[in-house]
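# Analysis of the macromolecular model
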Protein chains: 2
Amino acid sequence: MESGGIRPPAPFRAAGVHCGIKPEALDLAVVWSESDLVAAGVYTQNRVVAAPVQWCRQRTPSDHVRAIVINSGNANACTGERGAADTETMARWTAEAIGAQPEQVLVMSTGIIGEFLPMAALEEGIPRAVAESRSDAAALEEAARAILTTDRVIKTAHREVTLGDRRVALTGIAKGAGMIGPRMATMLAVILTDAKLSLESAQRLLRAAVDRSFHCISVEGHTSTNDSVVLLASGDVEVCDSEEELILGDALTALSVDLAKQIPADGEGATHLVTIRVTGAPDEKAAFRVARTIADSPLVKTAMTGADPNWGRIVSAAGYAGVPLDPDRLKLRLCGVPVFEGGMPIEFDEVALRGVMRESFELPVELDLGMGKADCTFWTSDLTHEYITINAEYHT
Amino acid sequence: MESGGIRPPAPFRAAGVHCGIKPEALDLAVVWSESDLVAAGVYTQNRVVAAPVQWCRQRTPSDHVRAIVINSGNANACTGERGAADTETMARWTAEAIGAQPEQVLVMSTGIIGEFLPMAALEEGIPRAVAESRSDAAALEEAARAILTTDRVIKTAHREVTLGDRRVALTGIAKGAGMIGPRMATMLAVILTDAKLSLESAQRLLRAAVDRSFHCISVEGHTSTNDSVVLLASGDVEVCDSEEELILGDALTALSVDLAKQIPADGEGATHLVTIRVTGAPDEKAAFRVARTIADSPLVKTAMTGADPNWGRIVSAAGYAGVPLDPDRLKLRLCGVPVFEGGMPIEFDEVALRGVMRESFELPVELDLGMGKADCTFWTSDLTHEYITINAEYHT
């Protein structure tokens, strides 16, 4: 297994094991530290919230977290009081294995909604995962693999920044391929750093990073009950002033964008990653709404699938985003080629553009609203036969 | 050709011809009357609006309309000033053929966005369509066929109501199969009646009917640039008082629901019609938002395709509708079977429910929010391989 050699920052230990929630694949991950961690979290905006999300929301930000335990194959959502008790039990078993209190353990779950967790499997698996945990790249990769559901590939990212004479490491793992809507997705991410951050800084930096990354991706626009992004900071490396914090924040955003883009790129059945850049918006909210509406249109997505420069679908999607826009001021470029401006089509070499769309994996859509200075970049998948196959047959 | 014998109300003449916008199929319809008509209209809420929609918006409600001309194969959208001039020319040619003024002719277009209309074809076709127009059922059917794009079947509906000793007829034709989002769709409908209505009554009754019908359907949630519903009333039959108007309004709503449901039932690639009934909402807007969000979720749609009682996708879609709801108060029934209540799954015979879902064309989803008394019924298609094939290959 090749992980590109991404290791967790020094104080963290990780593991991914198979405990039996899924028939065969790895399905249980643990990441933990011998000493207290600062933890920040950003969670789904769905009103129907899975038990582990409720557990984590009540416990972040915090400065005494010790571990996070994550299972795949079962979301523990729509499971009522029994689901809440099961989440607490997962935290307790993890705490017992590492010598901590249940309140010091965060929990994530992803997978099928509306079924109860197989607790016997977890009771056996959790102490084994803790016992097997290590600080090497293979351990991080196993953890990254154990949180996947319909994903085809593991998702990891790494950044290092220099603050004065110090080096800070940022390492992230994520999962997500379907049920991915803006305002996050069935998307889990855990970002580890050895930086020393206050509760407030950790929460603020994570929120800013998520707003420009995990909030700006979709596969089919369905916001999950389980979305969670957690930042765990060990405090080994000092961050001395607000300028250094800014540098760290930029690195955290860049790492988050890196991880986030990997999700629609691995979107269920995806054959293209569509990058939608909206500029010239009156404000960021408007830019986001237009970008998201284009991203979520199945007509836009299927045009991308078919390498079809059917730009009318893009313009008409922008038109129903609920943002007051003037069609005569719009400028649209598709894979760098101007196709619509001043309310009229622009002639272009259609055969050439089709060829570019067919050959390229990443398809840029650039729409200038001509109204202001705000912008948004949003990433989505195309919509293919394979998506239908996966989702018409993925069982409850 | 079997039209179920639906004829236009007496004073109306209709025709559908092939003029050459499409390679072979009928592509031009005219409906007109020798005397002035009261006309009401409801149009797309897209900010990018096709030239014919701009034309009609400025001319309804009106009490001196004489005709409507409709082409398929080209939406005349995103075509700027030249598109506006082309719409006016279509109205002028129709007016010349029937002996009226251009201002008395409404225009609809549907089809590809961003290409200019082939005006030579229309110049030849419009007078021919008028010359061939008749009042029989076959003529109405040809008109209904000439407005189709990716539709598989024509869409017509008929109602008669008795007001005292008088009989009022309501006859509608519609098209739509893709680019169908709430707030209407690439959806055209023309409803004809011999009732006598004031401008205000016609507009009010149409708006009320549309709110409960054409506004409550989707195929993939993409709101078109061209959606239009027009009511044309000849005034041959008196409507004496507000009670009679109420009866007529109910019939108009019933006819509109009948026509509207035919659109997702014929949705591109659809194998199921999904009927989403949300009750117990605090207000109608909330009921609509929840119903629409469920309807537009590709995960819900693909579960229906696969006859999979994956109710977690329905509950989680409701949860991100932007309506404050309490998961513990939700009650969900799928094809009449209770599956979720009190925040917990309800055990059900999954094999039996799968069988019902596989065998039934219409799949009812009933969600009680447990918060109030408002409701909404919303109709949508499932999402199939055939939808992808149609939309990844339908050309610009």
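For every chain, the first residue of its written sequence is number 1, and the numbers climb from 1 along that sequence. The order in which chains are written sets their letters, starting at A; the order in which ligands are written sets their numbers, starting at 1. Only residues with pLDDT of at least 70 get local features here, since the model is predicted, and only at 80 or more are side-chain atom pairs given and counted; chain-wide, interface and lining totals rely on the full set of residues.

### Focus on the relation of the copies chain B and chain A
What counts here: Least squares is the method used to superpose the copies, on C-alpha atoms of residues holding a pLDDT of at least 70 in both. C-beta atoms are placed from the backbone for every residue, and two residues are taken to be in contact when these atoms lie within 7 Å.
For the match of chain B to chain A, the screw axis carries a shift of 0.0 Å, the RMSD comes to 0.0 Å, and the turn is 180 degrees. The transformation just described matches what one would write down for a two-fold rotation axis. Taking C-alpha positions as the reference, the residue of chain B nearest the rotation axis is His-385 of chain B, at 2.7 Å. The residues that chain B uses at the interface reappear at the interface of chain A in 100% of cases, marking a shared surface.

### Thoughts on the sheet that holds strand 11 (residues 331-334) of chain B
Residue and element names in this part refer to chain B. Formally: Strand pairing follows a simple DSSP-based rule, namely that at least 2 bridges must link the two strands. Under the DSSP-based scheme used, a helix requires at least four consecutive residues in state H or I and a strand at least two consecutive residues in state E, with every element numbered from the N terminus. Axes here mean lines fitted to C-alpha atoms, for a helix over just the part in contact, with angles spanning 0 to 180 degrees between N-to-C directions.
Taken in spatial order, the seven strands make up an open sheet running 8-15-10-14-11-12-13, and their pairing is mixed. Bordering the open sheet on either side are strand 8 (217-218) and strand 13 (344-345), each of which pairs with just one other strand. Sheet analysis places strand 12 (residues 337-341) next to strand 13, joined by two bridges and oriented antiparallel. Its bridge partner being in strand 13, Phe-340 is matched across the sheet by Pro-345. Packing of helix 6 (residues 242-265) onto the sheet brings it into contact with strand 8, strand 10 (273-281) and strand 15 (374-381), and relative to strand 15 it is tilted by some 45 degrees.

### A short note on the interface of chain B and chain A
The interface of chain B with chain A comprises 52 residues on the first partner and 52 residues on the second. Secondary structure elements with two or more residues in the side of chain B that touches chain A: helix 8 (298-305), helix 9 (312-319), strand 13 and helix 11 (385-393) of chain B. When residues of the side of chain B that touches chain A are assigned to their parent elements, the largest contribution, six residues, is made by helix 9 of chain B.

### Considerations on the environment of Gly-16 of chain A
All names here are of chain A. Examined against the element boundaries, Gly-16 turns out to sit in strand 1 (residues 12-17). Sequence separation of Gly-16 and Leu-140 is 124 residues, and the distance between their C-alpha atoms is 7.9 Å. Non-local contacts of Gly-16, meaning those with residues more than four positions away in its chain, are made with Leu-26, Leu-28, Ala-29, Glu-142, Ala-143, Arg-145 and Ala-146.

### Structural notes on the domain arrangement of chain A
All names here are of chain A. We count it as follows: The domain boundaries here were taken from an automatic or database domain assignment.
With domains assigned, chain A is organised as domain 1 (12-265) and domain 2 (273-393). Domain 1 and domain 2 are separated by 32 Å when their C-alpha centres are compared. Residue-level contacts link twelve residues of domain 1 with twelve residues of domain 2. Breaking the side of domain 1 that touches domain 2 down by element, the ones donating at least two residues are strand 8 (217-218) and helix 6 (242-265). With four residues, helix 6 is the single largest residue contributor to the side of domain 1 that touches domain 2.

### Things to note about the pairing of strand 12 of chain B
Looking along a regular strand, one sees the side chains alternate between the two faces of the sheet. Residues and elements named next belong to chain B. One ladder, built from four bridges, connects strand 11 with strand 12; its direction is antiparallel. Its bridge partner being in strand 12, Leu-334 is matched across the sheet by Val-337. Here strand 11 hands over to strand 12 after two residues, with Cys-335 in that stretch at a positive phi of 50 degrees.

### Thoughts on the packing of helix 5 (residues 199-211) of chain A against helix 6 of chain A
All names here are of chain A. Filter applied, for reference: Each angle receives one of four descriptions, namely roughly parallel if under 35 degrees, roughly antiparallel if over 145, roughly perpendicular if within 65 to 115, and oblique otherwise. The crossing is said to be left-handed when, going from far helix to near helix, the turn is anticlockwise and less than a right angle, and right-handed when the turn is clockwise. Three categories are distinguished: nonpolar for Ala, Val, Leu, Ile, Met, Phe, Trp, Tyr, Cys and Pro, charged for Asp, Glu, Lys and Arg, and polar for the others, with Gly belonging to the last.
The N-to-C vectors of helix 5 and helix 6 enclose an angle of 40 degrees; their axes lie 8 Å apart at closest approach. If you check the angle between helix 5 and helix 6, you find them oblique. When the axes of helix 5 and helix 6 are compared, the crossing they make is right-handed. Taking contact as the criterion, the partners of Ser-201, Leu-205, Ala-208, Ala-209 and Val-210 in helix 5 are, on helix 6, Glu-245, Leu-248, Gly-249, Leu-252, Thr-253 and Ser-256. In terms of residue class, the contact of helix 5 with helix 6 is made up of six nonpolar, four polar and one charged.

### Focus on the environment of Asp-328 of chain A
Residue and element names in this part refer to chain A. Rules: Residues with at least 20 other C-beta atoms within 10 Å of their own are called buried, those with 12 or fewer are called exposed, and the rest are partly exposed. The C-beta atoms themselves are positioned from the backbone.
If you trace the backbone, Asp-328 turns up in the loop between helix 9 (311-319) and strand 11 (331-334). Classification of Asp-328 by C-beta neighbours within 10 Å gives exposed; the count is 12. As a C-alpha pair, Asp-328 and Ser-35 span 293 residues in sequence and 59 Å in three-dimensional space. When near neighbours in sequence (up to four residues on either side) are disregarded, Asp-328 contacts Gly-342 and Gly-343.

### Some thoughts on helix 3 (residues 119-132) of chain B
Residues and elements named next belong to chain B. Heads up, the condition is: Given a helix with a known number of residues, its expected span is that number minus one, times 1.5 Å. The quantity called bend is, for any residue, the angle between two axes fitted respectively to the seven residues ending at it and the seven beginning at it.
The first and last C-alpha atoms of helix 3 sit 20 Å apart over 14 residues, in line with the 20 Å expected at 1.5 Å per residue. Along its length, helix 3 shows its largest kink, about 25 degrees, at Gly-125, and proline Pro-127 lies within four residues downstream of that point. Among all positions in helix 3, only Leu-122, Gly-125, Ile-126, Ala-129 and Val-130 are buried. Turning to helix 3, the residues buried within the fold contact strand 1 (12-17), strand 2 (28-43), strand 3 (62-74) and helix 2 (80-98).

### Side note on the sheet that holds strand 10 (residues 273-281) of chain A
All names here are of chain A. One open sheet accounts for seven strands, arranged 8-15-10-14-11-12-13; its pairing is mixed. Either end of the sheet is taken by a strand with one partner, and the two such strands are strand 8 and strand 13 (344-345). Helix 6 contacts strand 8, strand 10 and strand 15 (374-381) of the sheet and is inclined by roughly 45 degrees relative to strand 15.

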